[in-house]
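Listed below are the residues making up each chain.
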Amino acid sequence: MGQKKDLTGSEKSKIVRYLAEGCSSLKIAKLLKRDHRTIKRFIQNSQQGRKKRVEKPRRKITAHELRKVKRAAAKMPLATSLAIFQSCNITGVPKSTRCAILRDTAKVRKAERRPPLNKTHKLKRQDWAKKYLKTDFSKVLWADEMRVSLDGPDGWARGWIGKGQRAPVRLRRQQGGGGVLVWAGIIKDELVGPFRVEDGVKLNSQSYCQFLEDTFFKQWYRKKSASFKKNMIFMQDNAPSHASKYSTAWLARKGIKEEKLMTWPPCSPDLNPIENLWSIIKCEIYKEGKQYTSLNSVWEAVVAAARNVDGEQIKTLTESMDGRLLSVLAKKGGYIGR
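Here the structure is a predicted model, which is why all the values come from computation and not from measurement.

(A) Here's a closer look at the overall build of the protein. Summing up its helical and strand segments, the protein has 15 helices and four strands in all. In the protein, buried positions account for 37% of the 338 residues. Excluding contacts between residues fewer than 6 apart, the proportion of contacts in the protein whose partners are at least 24 apart in sequence is 75%.

Spelled out as structure tokens, the structure:
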């Protein structure tokens, strides 16, 4: 006799008939060869009937209170619904009602991350935009590094889960698991790299230059024609290993100096189109909350994702520079987004 097996519709009908005939629950259990507790539970539930749902009256707010909520939401970005309503001295409103009211006038958003820009930064960004306004950006090599971890950035393990389904289990590493440092460049419609920085190597001026020698210069740059090398402009940000006197002198010995080495304004990742390439690659390698068990596996995923980035996508990024410069000037050096 199975206690856990649900009663079928036929069994339920027989129980009702046996009860009408005056049979006890114990006798019914023996007739149906079912557990006595299952029969008793069905009889008790059927006798109690379904409880009617009591609709609680919702707290209504006036038009004046609604205007106060709208103003508070505008003044308090990223605040909770409770904090917004409390600032308006509106009490007794349940969370479901507060959220329903706010959904008509607001959206749940995450705070945008951007570098701090002071007045000096903005002036330097404007000067940079004016300097390169007439540049042929198809000749600029945009280069940068990116670190990828085994588990991906925070918050990327979210997504829709069907009703009745359980969320997949994610590994929780006590020590994090580390990551891989990747260098790449883009020029016109071409992707240079990606190249992997050796594990455990800290990029100071000397190791950065040696890395460029072993990868960028030996594997890509030396294969280019003399006319290409003459016109190419090399871009890198102001990371200490990039902008040091040692690295600048080393690049000058390679022929990348003066106008061939682009100056870069401070706090300006929004102006570098390769940052968008990193976003494309990260979206691909961490889609559906994917995790990795080794540094080699995450590196292989980066290489595969980079191969899937076609020339048109890269061309769209490099050709966006004219618009970025105009946006910087229009916003007087302010942040333009990506």
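(B) Examining a positive patch on the surface more closely. On the surface, Arg 67, Lys 70, Arg 71 and Lys 75 cluster together into a positively charged patch. Assignment of secondary structure puts Arg 71 in helix 4 (residues 63–75). Exposure remark for Arg 71: the relative accessible area of 45% places this residue in the partly exposed category.

(C) Quick peek at the packing of helix 1 (residues 9–20) against helix 2 (residues 25–32). Following both chains from N to C, one finds helix 1 and helix 2 inclined at 140°, their axes separated by 10 Å at the closest point. Classed by the angle they form, the pair helix 1 and helix 2 counts as oblique. Two packed elements cross with a definite hand, and for helix 1 against helix 2 that hand is right-handed. Residues Glu 11, Lys 14, Ile 15, Tyr 18 and Leu 19 of helix 1 lie in contact with helix 2, whose contacting residues are Ile 28, Leu 31 and Leu 32.

(D) Spatial organisation of a negative patch on the surface. Taken together, the side chains of Asp 189, Asp 310, Glu 312, Glu 319 and Asp 322 present a region of like negative charge at the surface. Relative accessible area serves as the criterion here: at 40%, Asp 310 is assigned to the partly exposed category.

(E) Spotlight on the pattern of salt bridges. Considering all chains together, one arrives at eight salt bridges under this definition. In this structure, Arg 196 and Asp 199 form a salt bridge, with 2.8 Å as the shortest nitrogen-oxygen distance. A salt bridge links Glu 213 to Lys 254; the shortest N-O distance between them is 2.5 Å. Here Glu 213, found in helix 8 (residues 205–219), pairs with Lys 254, found in the loop between helix 11 (245–253) and helix 12 (274–285); they are 41 residues apart in sequence, far enough to count as distant. Glu 213 gets classed as buried once you look at its relative accessible area, which sits at 18%. Residue class for Lys 254 comes out partly exposed when judged on its relative accessible area of 30%.

(F) Seen up close, the side chain of Ser 268. Mapped onto the secondary structure, Ser 268 falls in the loop between helix 11 and helix 12. Given the relative accessible area of 3%, Ser 268 is considered buried.

(G) Just the nonpolar core, in detail. Of all hydrophobic cores here, the largest spans 40 residues; its most connected members are Trp 128, Trp 142, Val 148, Met 262, Ile 281 and Ile 285. Going through the elements one at a time, helix 7 (119–131), strand 1 (140–149), strand 2 (179–187), strand 4 (233–235), helix 12, helix 13 (295–307), helix 14 (311–318) and helix 15 (321–330) are the ones with two or more residues in this core. Among residues more than four places away in sequence, those in contact with Ile 285 are Val 148, Lys 290, Tyr 292, Ala 301, Val 302 and Ala 305. The next biggest cluster of nonpolar side chains, apart from the first, holds 23 residues, and it includes Ala 143, Ile 187, Tyr 221 and Ile 256.

(H) A look at the packing of aromatic side chains. Scanning the model with the defined rule gives 15 aromatic pairs in all. Seen in terms of ring centroids, Phe 216 and Tyr 221 are 5.6 Å apart; in terms of plane orientation they differ by 35°. Their pairing is tilted. Taken individually, Phe 216 and Tyr 221 each receive the classification buried, so the pair is uniform in this respect. Relative to Tyr 221, the ring of Phe 217 lies with its centre 5.2 Å away and its plane at 80°, an arrangement referred to as edge-to-face. Judged by relative accessible area, which is 6%, Phe 217 ranks as buried. A relative accessible area of 7% places Tyr 221 in the buried class. Among the aromatic residues, those joined into a cluster by ring pairs are Trp 183, Phe 195, Phe 211, Phe 216, Phe 217, Trp 220, Tyr 221, Phe 228, Phe 234 and Trp 250. A cation over an aromatic ring shows up here: Lys 224 above the ring of Phe 228, its NZ or CZ 5.4 Å from the ring centre. One residue, Lys 229, lies across the ring of Tyr 221, its end atom 5.2 Å from the ring centre.

(I) Broad picture of the environment of Pro 77. Mapped onto the elements, Pro 77 comes out in the loop between helix 4 and helix 5 (81–87). When the C-alpha positions of Pro 77 and Ala 106 are compared, they lie 9.8 Å apart, and in sequence the two are 29 residues distant.

Rules and cut-offs
- Residues numbered from 1 in each chain as written.
- Predicted model: local features only at pLDDT ≥ 70, side-chain atom pairs only at ≥ 80, totals over all residues.
- Heavy atoms only, no water.
- Helix = DSSP H or I, 4+ residues; strand = E, 2+ residues; numbered from the N terminus.
- Buried < 20%, exposed > 50% of the residue type's maximum accessible area, 1.4 Å probe, protein only.
- Contact = heavy atoms within 4.5 Å.
- Patch = residues over 30% accessible without salt bridge, like charges linked within 9 Å, V, L, I, M, F, W, Y side chains within 5 Å.
- Areas by Shrake-Rupley, 256 points an atom, 1.4 Å probe, with all protein chains shown as cover.
- Salt bridge = Lys/Arg side-chain N within 4 Å of Asp/Glu carboxyl O.
- Lys, Arg positive; Asp, Glu negative; His and termini not counted.
- Charge placed at Lys NZ, Arg CZ, Asp CG, Glu CD.
- Axes fitted to C-alpha atoms, helices over the stretch in contact; angles between N-to-C directions.
- Parallel < 35°, antiparallel > 145°, perpendicular 65-115°, else oblique.
- Left-handed = near helix turned anticlockwise from the far one by under 90°.
- Core = buried A, V, L, I, M, F, W, Y, C linked by side-chain atoms within 4.5 Å.
- Phe/Tyr/Trp six-rings, centres within 6.5 Å; stacked < 30°, edge-to-face > 60°.
- Lys NZ or Arg CZ within 6 Å of the ring centre and 35° of its normal.

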